[in-house]
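What follows is the residue order along each chain.
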Amino acid sequence: MRVLLTGAYGQLGRSLLDRVPAAWVLLACGSAELDITDRAAVERVVKKFRPDVILNAAAYTAVDKAETDRVRAMKVNAIGPENLALAARDVGARLIHISTDYVFDGSKKTPYLESDQPCPINFYGLSKWEGEKRVFAVLPQAIVIRTSWVFSEYGSNFVKTMLRLAATRTELSVVNDQVGCPTYAGDLAMAMIALASAEQAQGIYHYCGDVAVSWCEFAQAIFVVTQQDTVVKGISSGQYPTAAVRPLNSVMNCTRLQEAGVTPSDWQACLLLARLSLSSVFTPPEPGVKVLH
Ligand SMILES: NC(=O)C1=CN([C@@H]2O[C@H](COP(=O)(O)OP(=O)(O)OC[C@H]3O[C@@H](n4cnc5c(N)ncnc54)[C@H](O)[C@@H]3O)[C@@H](O)[C@H]2O)C=CC1
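Residues numbered from 1 in each chain as written. Predicted model: local features only at pLDDT ≥ 70, side-chain atom pairs only at ≥ 80, totals over all residues. Heavy atoms only, no water.

Asks: I'd like a rundown of the pattern of salt bridges, residues and numbers included.
Replies: Where charged atoms from two side chains of opposite charge approach closely, those side chains can pair. Under the criterion given, the structure shown has nine salt bridges. Measuring nitrogen to oxygen at the nearest pair gives 2.6 Å for the salt bridge that ties D64 to R246. Of this pair, D64 sits in the loop between strand 3 (53-56) and helix 3 (70-91) while R246 sits in the loop between strand 12 (231-235) and helix 8 (255-259), and the two are 182 residues apart along the sequence. Two residues, E67 and R70, come together in a salt bridge whose shortest N-O distance is 3.5 Å. (Salt bridge = Lys/Arg side-chain N within 4 Å of Asp/Glu carboxyl O. Helix = DSSP H or I, 4+ residues; strand = E, 2+ residues; numbered from the N terminus.)

Right, here's the structure in full:
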């Protein structure tokens, strides 16, 4: 199978690179090699490589910055995926794109289903929802996986932030009224790989961790696993104002993907397995375009 991976050097992209099946012919492109907002470049690369599947791990993920950097966020999160969908349609490729729990407003009292109506409360969520709509308008058979609270050995994420702060502080205040499901990027990568081979799969799927926690409880779990005595004090969202408002309930129901044979992320086990590499700073060289297999 010929697979084009975009956004190859973000945390999901790198997690995919670690796990792609050896039998795949993979073209991995970081933002320097393929800017997904450049329609002509996307078309050129896709026409030349002729992938069977495009995996899009590229995104504008700075949630707070997106409130003021709106044009860029919309370009990367909405126009970029649309460009990939157009190019995929031209060559008959399938597209697996990633979206977010932040398309919801968080007012629901139970886990969000794929059929629930999005109603984003921040610009990042709005741009990601626009991306979903543009993808399906061009390629109705595309796959969109909505995920949440992603962490890994790579990039920047909540786990790394907590470990960095704990290195210099004995007590941390962390929000305790936003609840969601942490997701290990390696598990999300495996879910994408499974769907890449599932020819019948299409539409929206939710994929996240199997246990819901508040950010405060997530921080406590991180310090238990890494055996640190950092004290974590719960505070409300109101006591920690951010540029972008976050949904209070980010929990998503993953039954649809489970029925397709993909188990939710066992994030607690992954935290334990990944704890050594999580605490080290990973700065690999920026590679160029290459066919890995
Ligand atoms: N990190 C998280 O907690 C969550 C992430 N997501 C979604 O998961 C997906 C993966 O996110 P992460 O790997 O965590 O993000 P990341 O920020 O680590 O990686 C995104 C990558 O996209 C690249 N990129 C940015 N603009 C680009 C462009 N114009 N063309 C090509 N590449 C470009 C960046 O250079 C970066 O390497 C994204 O779709 C994100 O919206 C959803 C929910 C939560």
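Asks: Tell me about the site of the ligand, and please be specific about residues and values.
Replies: In the neighbourhood of the ligand, 25 residues make up the surrounding shell, with L12, D35, T61, Y124 and K128 lying closest. Here I36 contributes a backbone N or O atom positioned 3.0 Å from a nitrogen atom of the ligand. Here an oxygen atom of the ligand sits 2.6 Å away from a polar atom, N or O, in the side chain of Y124. Against a free-state accessible area of 830 Å², the protein chains account for coverage of 82% of the ligand. By residue number, the principal contributor to the shell around the ligand is strand 4 (residues 94-100), which donates three residues. Residue classes in the shell around the ligand are distributed as 12 nonpolar, nine polar and four charged. (Near = heavy atom within 4 Å. Polar contact = N/O pair within 3.5 Å; in protein donor to acceptor, adjacent residues only side chain to side chain. Areas by Shrake-Rupley, 256 points an atom, 1.4 Å probe, with all protein chains shown as cover. Nonpolar A, V, L, I, M, F, W, Y, C, P; charged D, E, K, R; others polar.)

Asks: Talk me through helix 7 (residues 215-225); I want residue IDs and the actual numbers.
Replies: The element helix 7 is extensively covered by neighbouring structure, given that eight of its 11 residues are classed as buried. Along helix 7, the positions that sit buried rather than exposed are W215, C216, F218, A219, A221, I222, F223 and V225. With its phi angle positive at about 50°, Q227 sits one or two positions after the end of helix 7. (Buried < 20%, exposed > 50% of the residue type's maximum accessible area, 1.4 Å probe, protein only.)

Asks: Just give me the short version of the nonpolar core, but keep the residues and values in it.
Replies: Grouped together as the largest cluster of nonpolar side chains are 35 residues, with contacts concentrated most on V174, F218, I222, F223 and L271. Those elements that provide at least two residues to this core are helix 3, helix 4 (123-138), helix 5 (158-166), strand 7 (171-175), helix 7, strand 12 and helix 9 (267-278). Top element by residues in this core is helix 7. It accounts for eight residues. Residues in contact with V174, not counting those within four places in the same chain, are F158, M162, W215, C216, A219, V232, K233, G234 and I235. (Core = buried A, V, L, I, M, F, W, Y, C linked by side-chain atoms within 4.5 Å. Contact = heavy atoms within 4.5 Å.)

Asks: Any details on the packing of aromatic side chains? Residues and values, ideally.
Replies: Using the criterion set out here, one finds 10 aromatic pairs in the structure. Chaining the aromatic ring pairs together yields one cluster made of W149, F151, F158, Y184, W215, F218 and W267. Positioned above the aromatic ring of F49 is the side chain of R2, whose terminal nitrogen or guanidinium carbon lies 4.4 Å from the ring centre. A cation over an aromatic ring shows up here: R256 above the ring of Y205, its NZ or CZ 4.0 Å from the ring centre. (Phe/Tyr/Trp six-rings, centres within 6.5 Å; stacked < 30°, edge-to-face > 60°. Lys NZ or Arg CZ within 6 Å of the ring centre and 35° of its normal.)

Asks: For the side chain of S152, give the residues involved together with the corresponding values.
Replies: Along the chain, S152 falls in the loop between strand 6 (150-151) and helix 5. A polar contact of 2.8 Å, which involves the side chain of S152, links it to the side chain of Q11. A polar contact is formed between the side chain of S152 and the backbone nitrogen of Y154, at a distance of 3.0 Å.

Asks: Describe in detail the packing of helix 2 (residues 39-49) against helix 3, supporting the description with residues and values.
Replies: Where helix 2 contacts helix 3, the axes come no closer than 9 Å and their chain directions differ by 35°. Two packed elements cross with a definite hand, and for helix 2 against helix 3 that hand is right-handed. Along its contact with helix 2, which presents R39, V42, E43, V46 and K47, the element helix 3 presents E82, N83, L84, L86, A87, D90 and V91. For the contact of helix 2 with helix 3, the class distribution of residues is six nonpolar, one polar and five charged. (Axes fitted to C-alpha atoms, helices over the stretch in contact; angles between N-to-C directions. Left-handed = near helix turned anticlockwise from the far one by under 90°.)

Asks: Any chance you could break down the state of the cysteines for me, citing the residues and the numbers?
Replies: Summed over the entire model, instances satisfying the criterion amount to zero disulfides. Summary of cysteine pairing: C119 is not part of a disulfide, and the nearest cysteine sulfur, belonging to C208, is at 20 Å. (Disulfide = S-S within 2.5 Å.)

Asks: Could you give me a rundown of the pairing of strand 5 (residues 143-147), with the residues and numbers involved?
Replies: Burial analysis of strand 5 places five of its five residues in the buried class, which makes it a mostly covered element. On strand 5, burial covers both faces: I143, I145 and T147 on one face and V144 and R146 on the other are all buried. As defined by bridge partners, strand 4 adjoins strand 5 across five bridges and the pair is classed as parallel. Residue I96 lies in a different strand from strand 5, and its bridge partner there is I143. Read from strand 4 through helix 4 to strand 5, the crossover connection turns out right-handed. Examined bridge by bridge, strand 5 and strand 10 (residues 203-206) share four bridges and lie parallel to one another. Of the residues in strand 10, the one forming a bridge with I143 is G203. (Pairing = 2+ DSSP bridges. Right-handed = clockwise from strand over helix to strand, strands pointing away.)

Bear in mind that shape data such as this cannot, by itself, settle questions of function.
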